[in-house]
Amino acid sequence: MVGPPAPGQALRVPVSPRPDLPPLLRPSLGRRGTDAATGSLHSGGHHHHYYYDTHTNTYYLRTFGHNTMDAVPRIDYYRHTAADLGEKLIRPSLAELHDELDKVSAQCVPPGTPHPSLGRPRAGRSRPRTPPGEATASYTPDSKGVVKFGWIKGVLVRCMLNIWGVMLFIRLSWIVGQAGIGLSVVVIGMATVVTTITGLSTSAIATNGFVRGGGAYYLISRSLGPEFGGAIGLIFAFANAVAVAMYVVGFAETVVELLKENGALMVDEMNDIRIIGAITVVILLGISVAGMEWESKIVLLVILILAIGDFVIGTFIPLDSKKPKGFFGYKAEIFMENFGPDFRHEETFFSVFAIFFPAATGILAGANISGDLADPQSAIPKGTLLAILITTLVYVGIAVSVGSCVVRDATGNVNDTIVTELMNCTAAACKLNYDFSSCQTECPYGLMNNFQVMSMVSGFAPLISAGIFSATLSSALASLVSAPKIFQALCKDNIYPGFQMFAKGYGKNNEPLRGYLLTFLIALGFILIAELNVIAPIISNFFLASYALINFSVFHASLAKSPGWRPAFKYYNMWISLLGAILCCIVMFVINWWAALLTYVIVLGLYIYVTYKKPDVNWGSSTQALTYLNALQHSIRLSGVEDHVKNFRPQCLIMTGVPSARPALLHLVHAFTKNVGLMICGHVHMGPRRQAMKELSADLAKYQRWLIKNKMKAFYAPVHAEDLRDGGQYLMQAAGLGRMRPNTLVVGFKKNWRQTKCLTSILSYFFFPDSKSQSSPLNLTDQRLLDASTQFQKKQGKSNIDVWWLFDDGGLTLLIPYLLTTKKKWKDCRIRVFIGGKINRIDHDRRAMATLLSKFRIDFSDIMVLGDINTKPKKENIAAFEEMIEPFRLHEDDKEQEVADKMKEDEPWRITDNELELYKTKTYRQIRLNELLQEHSSTANIIVMSLPVARKGAVSSALYMAWLEALSKDLPPILLVRGNHQSVLTFYS
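Residues numbered from 1 in each chain as written. Predicted model: local features only at pLDDT ≥ 70, side-chain atom pairs only at ≥ 80, totals over all residues. Heavy atoms only, no water.

The name that an unreviewed UniProt entry assigns to the protein chain is Solute carrier family 12 member 2, with the source organism given as Strigops habroptila. Taken verbatim from the UniProt record of the protein chain, the Catalytic activity (unreviewed entry) comment is "K(+)(out) + 2 chloride(out) + Na(+)(out) = K(+)(in) + 2 chloride(in) + Na(+)(in)". Under the UniProt heading Sequence similarities (unreviewed entry), the entry covering the protein chain gives this text: "Belongs to the SLC12A transporter family." (UniProt positions renumbered as here; feature names shortened; annotations may be inferred.)

Caption draft 1: Focus on the overall build of the protein chain. A count of helices and strands for the protein chain gives 34 helices and 13 strands. By residue count, 51% of the 989 residues in the protein chain fall in the buried class. Looking at the protein chain alone, contacts between residues at least 24 apart form 78% of all its contacts between residues at least 6 apart. Just so you have it, the protein chain exposes about 47,200 Å², and 59% of that area is on carbon and sulfur atoms. (Helix = DSSP H or I, 4+ residues; strand = E, 2+ residues; numbered from the N terminus. Buried < 20%, exposed > 50% of the residue type's maximum accessible area, 1.4 Å probe, protein only. Contact = heavy atoms within 4.5 Å. Areas by Shrake-Rupley, 256 points an atom, 1.4 Å probe, with all protein chains shown as cover.)

Caption draft 2: Focus on empty space enclosed by the protein. The tally for this structure, following the rule as stated, stands at six cavities of 30 Å³ or more. As for the largest cavity, its lining consists of 15 residues, of which Asn-162, Asn-240, Gly-362, Asn-368 and Phe-543 are closest to the centre. Of the residues forming the lining of the largest cavity, the biggest block, four residues, is contributed by helix 8 (residues 226–261). Tallied by class, residues from the lining of the largest cavity come to eight nonpolar, seven polar and no charged. In this structure, the second largest cavity encloses a volume near 70 Å³. Lining the second largest cavity, in full, are Ile-163, Ile-188, Ala-191, Thr-192, Thr-195, Phe-356, Ala-360, Ile-363, Ile-388, Thr-391, Thr-392 and Tyr-395. Elements that contribute at least two residues to the lining of the second largest cavity include exactly helix 6 (172–206) and helix 14 (376–405). (1 Å grid on protein atoms, 1.4 Å probe; cavity = no way out; pocket = protein on both sides within 12 Å on 5 of 7 lines; lining within 4 Å. Points joined across faces, edges and corners; volume = space filled by probe spheres on them. Nonpolar A, V, L, I, M, F, W, Y, C, P; charged D, E, K, R; others polar.)

Caption draft 3: Here's a closer look at the pattern of salt bridges. All chains considered together, the criterion is met by eleven salt bridges. Its salt-bridge partner being Arg-928, residue Asp-868 comes within 3.0 Å of it at the nearest N-O pair. Here the residue Asp-868 occupies a position in the loop between strand 11 (862–866) and helix 30 (875–885), and Arg-928 occupies one in helix 33 (residues 920–936), the gap between them amounting to 60 residues. Its relative accessible area of 28% is what places Asp-868 among the partly exposed residues. Here Asp-906 makes a salt bridge to Lys-902, at a shortest N to O gap of 2.5 Å. One end of the pair, Asp-906, and the other, Lys-902, are both in helix 31 (residues 897–906), four residues apart, so they sit about a helical turn from each other. (Salt bridge = Lys/Arg side-chain N within 4 Å of Asp/Glu carboxyl O.)

Caption draft 4: Spotlight on the pairing of strand 11. As defined by bridge partners, strand 10 (residues 830–836) adjoins strand 11 across five bridges and the pair is classed as parallel. When the sheet's bridge partners are listed, Arg-832 is paired in strand 11 with Asp-862. Handedness of the strand 10-helix 29 (residues 842–856)-strand 11 crossover: right-handed. (Pairing = 2+ DSSP bridges. Right-handed = clockwise from strand over helix to strand, strands pointing away.)

Caption draft 5: Quick look at helix 22 (residues 622–639). End to end, helix 22 covers 25 Å across 18 residues, agreeing with the expected 26 Å (1.5 Å per residue, within 8%). The complete set of buried residues in helix 22 reads Ser-622, Ala-625, Leu-626, Leu-629 and Ser-635. (Expected span 1.5 Å × (residues − 1).)

Caption draft 6: Structural view of the packing of helix 17 (residues 461–492) against helix 18 (residues 513–529). Between helix 17 and helix 18, whose axes approach to 8 Å, the crossing angle comes to 125 degrees. Here helix 18 runs oblique to helix 17, going by the angle between their axes. Read as a crossing pair, helix 17 and helix 18 show a hand that is right-handed. For the pair helix 17 and helix 18, contact is made by Leu-480, Val-481, Ala-483, Pro-484, Lys-485 and Phe-487 and by Gly-515, Tyr-516, Leu-518 and Thr-519, respectively. Split by residue class, the contact of helix 17 with helix 18 holds seven nonpolar, two polar and one charged. (Axes fitted to C-alpha atoms, helices over the stretch in contact; angles between N-to-C directions. Parallel < 35°, antiparallel > 145°, perpendicular 65-115°, else oblique. Left-handed = near helix turned anticlockwise from the far one by under 90°.)

Caption draft 7: Local environment of the pairing of strand 9 (residues 800–804). By the criterion of burial, strand 9 is predominantly enclosed, with five of the five residues buried. The β-α-β motif built from strand 9, the intervening helix 28 (residues 812–821) and the parallel element strand 10 has right-handed crossover chirality. Here four bridges tie strand 9 to strand 12 (residues 942–946), and the two strands are oriented parallel to one another. When the sheet's bridge partners are listed, Asp-802 is paired in strand 12 with Ile-943.

Caption draft 8: A look at the state of the cysteines. One pass over the full model with this rule turns up zero disulfides. The cysteine Cys-584 is free of any disulfide, with Cys-585 supplying the nearest cysteine sulfur at 6.9 Å. (Disulfide = S-S within 2.5 Å.)

Caption draft 9: Seen up close, the packing of helix 30 against helix 34 (residues 957–968). Interhelical geometry of helix 30 versus helix 34 gives an angle of 140 degrees and a closest axis separation of 11 Å. Here helix 30 is positioned oblique relative to helix 34, judged by the angle of their axes. Judged by the twist between their axes, the crossing of helix 30 over helix 34 is right-handed. On helix 34, the residues that touch Phe-881, Met-884 and Ile-885 of helix 30 are Leu-959, Ala-962, Trp-963, Glu-965 and Ala-966. Class assignment for the residues of the contact of helix 30 with helix 34 results in seven nonpolar, no polar and one charged.

Caption draft 10: View of a nonpolar patch on the surface. Residues Val-312, Ile-313, Phe-316, Ile-317, Leu-319 and Tyr-330 make up a contiguous nonpolar surface patch of about 560 Å² in total accessible area. Its location among the elements puts Val-312 in helix 11 (residues 299–315). (Patch = residues over 30% accessible without salt bridge, like charges linked within 9 Å, V, L, I, M, F, W, Y side chains within 5 Å.)

Caption draft 11: Geometry of helix 29. Spanning 15 residues, helix 29 covers 21 Å between terminal C-alpha atoms, matching the ideal 21 Å at 1.5 Å per step. When we look at burial in helix 29, the residues that qualify are Asp-845, Met-849, Leu-853 and Phe-856. Along the axis of helix 29, the buried positions cluster into a sector of 70 degrees, meaning they face one direction only. Contact partners of the buried residues in helix 29: helix 28, strand 10 and strand 11. Taken from the residues just after helix 29, Arg-857 is the one with a positive phi, measuring 60 degrees. (Arc of directions from axis to C-beta.)

Caption draft 12: Layout of the packing of aromatic side chains. All chains considered together, the criterion is met by 26 aromatic pairs. Between Phe-236 and Phe-543, the aromatic rings sit 5.3 Å apart at their centres with planes inclined by 85 degrees, giving edge-to-face as the arrangement. With Phe-236 in helix 8 and Phe-543 in helix 19 (residues 535–560), this residue pair connects regions lying 307 residues apart in the sequence. Take Phe-236 and Phe-543: they sit in the same class, and that class is buried. Look at Phe-792 and Trp-826: their rings are 5.8 Å apart centre to centre, the planes differ by 25 degrees, and that puts the pair in the stacked class. One end of the pair, Phe-792, is in the loop between helix 27 (784–787) and strand 9; the other, Trp-826, is in the loop between helix 28 and strand 10, with 34 residues separating them in the sequence. When sorted by exposure, Phe-792 lands in the same class as Trp-826, which is buried. By the ring-pair criterion, three or more aromatic residues cluster together here, those being Phe-487, Tyr-496, Phe-499, Phe-502 and Tyr-609. Taking NZ or CZ as reference, Lys-855 lies 5.6 Å from the ring centre of Phe-987, over its face. (Phe/Tyr/Trp six-rings, centres within 6.5 Å; stacked < 30°, edge-to-face > 60°. Lys NZ or Arg CZ within 6 Å of the ring centre and 35° of its normal.)

Caption draft 13: How the structure looks around the nonpolar core. Counting residues in hydrophobic clusters, the biggest one holds 136 residues, and the most contacted among them are Trp-164, Phe-169, Phe-356 and Tyr-395. Contact partners of Phe-169, with chain neighbours within four places excluded, come to Leu-304, Ala-307, Phe-451, Met-454, Ile-464, Gly-467, Ile-468 and Ala-471. (Core = buried A, V, L, I, M, F, W, Y, C linked by side-chain atoms within 4.5 Å.)

Structure follows, in structure tokens:
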């Protein structure tokens, strides 16, 4: 048996020294040999030293200095065909090591031909080699001018810019007023828990192999498969496109407010938002298309940090002019008063949480441009998790600071100072000599009423406005870049063929200009609406759906126990990831229940569409791994369960050869095994073993794909054997796994069997008498199944399935027709049952059979008892039978004894006169049954009939084949069935 070399050993073949090789490649046979460790070649006798570059010349690097093709481990063998990280080489196959080395050692390679281990193509090779120089030229793109980002600029800065949005400046103070300092920290903490778990999951997936462009889509699709990936990729790209509009409208509203304060409105507020928003998105589009380097400037982050610093400095400078507006500096009284919640205007903890949570989204901003990162595996974990930590600390710090400095309600009136102590005033402002009770809950200032608290507290208010501009524009830019990149990656995978035109990229960075234009148009459309209050929660739900699936991807991959799941990032846990997925789903409903339901419907719809279309991709997803694991576990569990008659189902081994060669046979068996039992298409390869094994390995994938393409729920099982008989026995013994093994053999009837010179081959083709399988009934079908190859693919209509249940074989002859009628194409057919009986007991036999069928709960349209089966057939039919078997008769009575014995020994398949006389009654029965079949079942769609059994060793092959020919002649498709006489039907519950 040929197998791989033992671990740590190399297969070596001596090769004669080659004088024609240049000194660099000439092997040394001197006393010193080759020093593989230092990379120098010492030529014995001349003491010359030759050095070579181990990166370009792989000859000695791969072979330890020995003249063999066997290769040492090298990264270039593991690259994808079109890898953009370096050259792609193909290692020698095991067949080449076993077979081709003899040719290499025996033949002298012509001068100037490089050694095969260099990877160049050579004559006789089954697949091309690629030399290092050519591989680099073919697969390594020109890296000049390509912009690649590190973890700080590419991930950390982007995530911080995206997380710090408008909420930080104009909503956080209001949240503190409603929920209080304590619950505000809880709100921030809850959002952080969700984003941190998602960040850990993102880091785990991103470090489990090379990450290309596409961000969340790439991570989810390569982990869960194209179904979930395609669904999330489309809605995530759309959500990013609409998010551009949301951020731009936020920016435009702030500008319009400034214009309004200065009385400089152009038309009116709504139209001014549209005008400013449209101009802004055009400028942002230009910046994005101009280059990633422009879009990733740290200037925006610097402005944000300065704005935050401006606020922090302002908290330490309480001015008397700001006290009427509620700002008193850090005071314990204010901290204590603002620590607890004071929900107003029907606000609740969850409604406040729903308003804040969109401020925490944006953690995938770095992962979304994973294709533009220099080292995504390192950058995504470090940048994402650090951004979450920094932004969370800032959110908490600002929440505590603003809650300790500003009261909930203030009038803004400098005359509301307290001159004398008020007995009924217990508010913190009263203790600070201000009475704001006059306005109660309708005050214009304070945490609850003024969204511009941070501007009021800050040392320099315009810097806060700059921070708002920076936050909105940076988030809009990040989304404007992310959406086309995700959409381009989705289109490149051809998940949705209609979007293929958007896969094209331009320039050195492969920029998706068409995607930019589409994103621009979507954003512009929503900007012109200028009302995003309904759209915003849907966007948040789309982001959360992505987070949920990223978390679920990690759980799923860990659960599948795939050997390929080896993340370099170790700080994750499958159960925590599952908790994160559940939390994301809960948060979706907390934010907006109807938007969550809408998101689920869209994801489910896209999932069903991609599942139905079955894109031709194979990414080694965890779904495949878990499917295998489940199949393995259930197969093992099933092996421990004893067979029961109620659970019997036909598990068919069909001797089809090439599946496409016998379509009628295939479709007929598939009709009663689909979603019910196992179907295996057996193919016996004969001939020289070496050639047959090559064909076998190629055919296995080819014909399994053919079955899947033609929606056949079946397996293809090829085997090599010396002859068909052995091959069939091999398949019956080895096909299947555990309880999933064939119990029914199906073969097609050979119409031209009479043209075969040696009938022992026919016996091998049809019958396997030495099989030890206890549950292998034999099924034969008529050649008409092959002639009318499409007749079982169409709807059968209101016709008959005639069951000639002549012998009780355990019920298989009756079970198969019943299974046919349960299928859509056969459901209108009626079952008619024909049985043998005596003329004087026809009514009794009919009632007995009707009772049995009713107990079996099998519907039938009619029962016919045949009392004339044993009637002698017509003379012309007997004569036709005798004419058919004449070429196969031995006629030993007309020959000398020695000649007859010699012929019987050499040709055991011939029919002897004694045999013909001995089985005369059985022969007449087959001829008579054909007459009855033509009389009663000539219009049936299919006939299912008990297969006659021949006594082993007593009936010759030719006589048995003649019986089958006589029985099935000039009839509709006929299925001859013989069970193993063990019950497959029961009427017990």
